[in-house]
Amino acid sequence: MHFRTRAIHVGQERDPQTGAVVPPIHLASTFVQPGAGQWGEFDYTRSGNPTRKALQTTLASLEGGSGALCFSSGMAATHCVTMLLGSGDHILAGADIYGGTYRLLHKVLHRAGIEATLVATTDLAAVEAAFRPRTRLLWIESPGNPLLSITDIAACAELAHRHGALLGVDNTLATPVLTRPLELGADIVMHSATKYLGGHSDLLGGALIVRDPDLFKRLYFLQNATGAVMGPLESFLCSRGIKTLELRVREQCRTAARLAEFLARDRRVARVFYPGLADHPGHDLAARQMQGGFGAMLSFEIAGDLAAAKRLVESTRLFQLAVSLGAVESLIEQPALMSHASYDRADRLAHGIRDGLVRLSVGLEAEEDLRADLEQALDQAMPGM
Ligand code: PLP
């Protein structure tokens, strides 16, 4: 079956008892057992829940995995992966990973004796050189955040395996509509389900999808032992969101590509970062690795300073000033003052995140309305230019 059909039907079979075309939401925290010491499929919702299972079945199918686990947040999912490691182990991660992942790697895991270092994963020679004898995990994001850098997933899988490490890919920005890392050799795919999978800014969740059944068992053990599972209501909302995932992502990509072209032509915009533009350093790789679109995130640098960028993000009417991404509502943010404010300025500039950078998450509104909104905000931010 095609992706779109699986998104609607796999794991989401009609309720056999009532014939309801939408499976019911199972809110029960506990389940009656057939006898003392006897176990049915479900016994306690932390260990397993029918509504969460339905979502996990759908996700495993969409990412091409043998199993999926759903968590209370994207960070809980990432944390679960890091619990596979022990004291003395090393994690090698991309330089432009999500800020919360950076915080987990650098401010929490050292307490367990796990060290993390960052490397620009667009440079495969640098990645190769950064492996250590105890590197157990290579963790990447493609496209990266907020400059939309593109990393070669298949090459990273080969490198990780040669060095005895697992490759984990945060696939939140690309979604399985555009990129399926397991098919490219990755061991673990992670999602902040809060973003495109849910798609409507109304749930917090995370997911891990793997191919190897033994790895699945180890992760399941850790999830059940530590407890950060997705609740039944969020699982239902996420399953509902996934039914329109492909349609949403394809349309959002189309609008993002048009807005990127529009911004690239505007004299008040110094540079646009969008993998679909021919001048993006990752364009050729993205054209091979991403299927049928270049994503719906883009960023751009205005020909103005921090204050002008601040005026711009505060002047849009449809693009709402908020972090997060991937929903039907378009969002705008200023990395220097918001998502990357925790970096000191020199470090931020070294990462290529300049004062005038603005990041967009393009939603499902009409492209003409979004373009007009950006145009009037640019007029307000840089009058007379
Ligand atoms: N990965 C990426 C790329 C994200 O953008 C986010 C959240 O913004 C996360 C992981 C963390 O997910 P959550 O906020 O659901 O914990």
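Residues numbered from 1 in each chain as written. Predicted model: local features only at pLDDT ≥ 70, side-chain atom pairs only at ≥ 80, totals over all residues. Heavy atoms only, no water.

This brings us to helix 14 (residues 367-381). Across its 15 residues, helix 14 extends 21 Å between first and last C-alpha, which sits within 8% of the 21 Å expected from 1.5 Å per residue. Buried residues of helix 14: Glu-367, Leu-370, Asp-373, Leu-374, Gln-376, Ala-377, Leu-378 and Ala-381, and no others. Those residues of helix 14 that are buried are in contact with helix 10 (245-265), strand 8 (269-273), strand 9 (297-302), helix 12 (306-313) and strand 12 (357-361). (Helix = DSSP H or I, 4+ residues; strand = E, 2+ residues; numbered from the N terminus. Expected span 1.5 Å × (residues − 1). Buried < 20%, exposed > 50% of the residue type's maximum accessible area, 1.4 Å probe, protein only. Contact = heavy atoms within 4.5 Å.)

Turning our attention to the site of the ligand. With respect to spatial proximity, 14 residues lie near the ligand, and among them Met-75, Asp-170, Ser-192, Thr-194 and Lys-195 are the closest. Separating a nitrogen atom of the ligand from a side-chain N or O atom of Asp-170 is a distance of 2.6 Å. One nitrogen or oxygen atom from the side chain of Ser-192 is found 2.8 Å from an oxygen atom belonging to the ligand. Summarising the interface, the protein chains cover 91% of the accessible area of the ligand, which totals 390 Å² for the free molecule. If you map the ligand onto the pockets, it falls in the largest pocket. The set of elements that each furnish at least two residues to the shell around the ligand consists of helix 3 (74-82) and strand 6 (188-192). Tallied by class, the residues present in the shell around the ligand amount to five nonpolar, six polar and three charged. (Near = heavy atom within 4 Å. Polar contact = N/O pair within 3.5 Å; in protein donor to acceptor, adjacent residues only side chain to side chain. Areas by Shrake-Rupley, 256 points an atom, 1.4 Å probe, with all protein chains shown as cover. 1 Å grid on protein atoms, 1.4 Å probe; cavity = no way out; pocket = protein on both sides within 12 Å on 5 of 7 lines; lining within 4 Å. Sits in = over half its atoms within 2 Å of the grid points. Nonpolar A, V, L, I, M, F, W, Y, C, P; charged D, E, K, R; others polar.)

This paragraph deals with a nonpolar patch on the surface. Taken together, Ile-25, Leu-27 and Leu-233 make up a surface patch of nonpolar side chains, about 280 Å² in accessible area. Counting through the fold element by element, Ile-25 comes out in the loop between helix 1 (3-9) and helix 2 (50-63). (Patch = residues over 30% accessible without salt bridge, like charges linked within 9 Å, V, L, I, M, F, W, Y side chains within 5 Å. Salt bridge = Lys/Arg side-chain N within 4 Å of Asp/Glu carboxyl O.)

With that settled, the discussion passes to the sheet that holds strand 1 (residues 67-71). Sheet strands pair via backbone hydrogen bonds, and the direction of the pair is either parallel or antiparallel. Read from one edge to the other, the open sheet built from seven strands follows the order 1-7-6-5-4-2-3, with strand pairing classed as mixed. Every interior strand has two partners, whereas the edge strands, strand 1 and strand 3 (115-119), have only one. The sheet shows a mean angle of 20 degrees between the axes of neighbouring strands, direction not considered. Both strand 6 and strand 7 (residues 206-210) contribute to a ladder of five bridges, which runs antiparallel. Directly across from Ile-188, in strand 7, lies its bridge partner Val-210. Each of strand 1, strand 6 and strand 7 touches helix 2; the most contacted strand, strand 1, lies at about 130 degrees to it. Across the sheet, helix 4 (residues 99-107) touches strand 2 (90-94), strand 3 and strand 4 (135-141), and the angle it forms with strand 3 is around 140 degrees. (Pairing = 2+ DSSP bridges. Axes fitted to C-alpha atoms, helices over the stretch in contact; angles between N-to-C directions.)

Position of Ser-235 relative to the elements: it lies in helix 9 (residues 232-242). On the accessibility criterion, Ser-235 (0% relative accessible area) is buried.

Volume-wise, the largest pocket comes out at about 670 Å³. The set of elements that each furnish at least two residues to the lining of the largest pocket consists of helix 3, helix 4 and strand 6. The greatest single-element share of the lining of the largest pocket, amounting to six residues, is contributed by helix 4. In this model, the second largest pocket occupies a volume close to 350 Å³. Forming the walls of the second largest pocket are 18 residues, and the residues nearest its centre are Asp-96, Thr-122, Leu-147, Ser-149 and His-351. Split by residue class, the lining of the second largest pocket holds nine nonpolar, seven polar and two charged. (Points joined across faces, edges and corners; volume = space filled by probe spheres on them.)

Successive side chains on a regular strand alternate, one facing one side of the sheet and the next facing the other. Strand 4 sits mainly inside the fold: six of its seven residues count as buried. Pairing between strand 2 and strand 4: four bridges, direction parallel. Residue Ala-93 lies in a different strand from strand 4, and its bridge partner there is Trp-139. Pairing analysis gives five bridges linking strand 4 to strand 5 (residues 166-170), with the strands arranged parallel. Bridge pairing in strand 5 places Leu-137 opposite Leu-166. Note on the crossover from strand 4 through helix 6 (residues 153-162) to strand 5: the handedness is right-handed. (Right-handed = clockwise from strand over helix to strand, strands pointing away.)

Before going further, it helps to examine the environment of Thr-51. Of note, Thr-51 is situated in helix 2. Look past the residues within four positions of Thr-51 in its chain and what remains in contact with it is Pro-24, Ile-25, His-26, Pro-232, Ser-235 and Phe-236.

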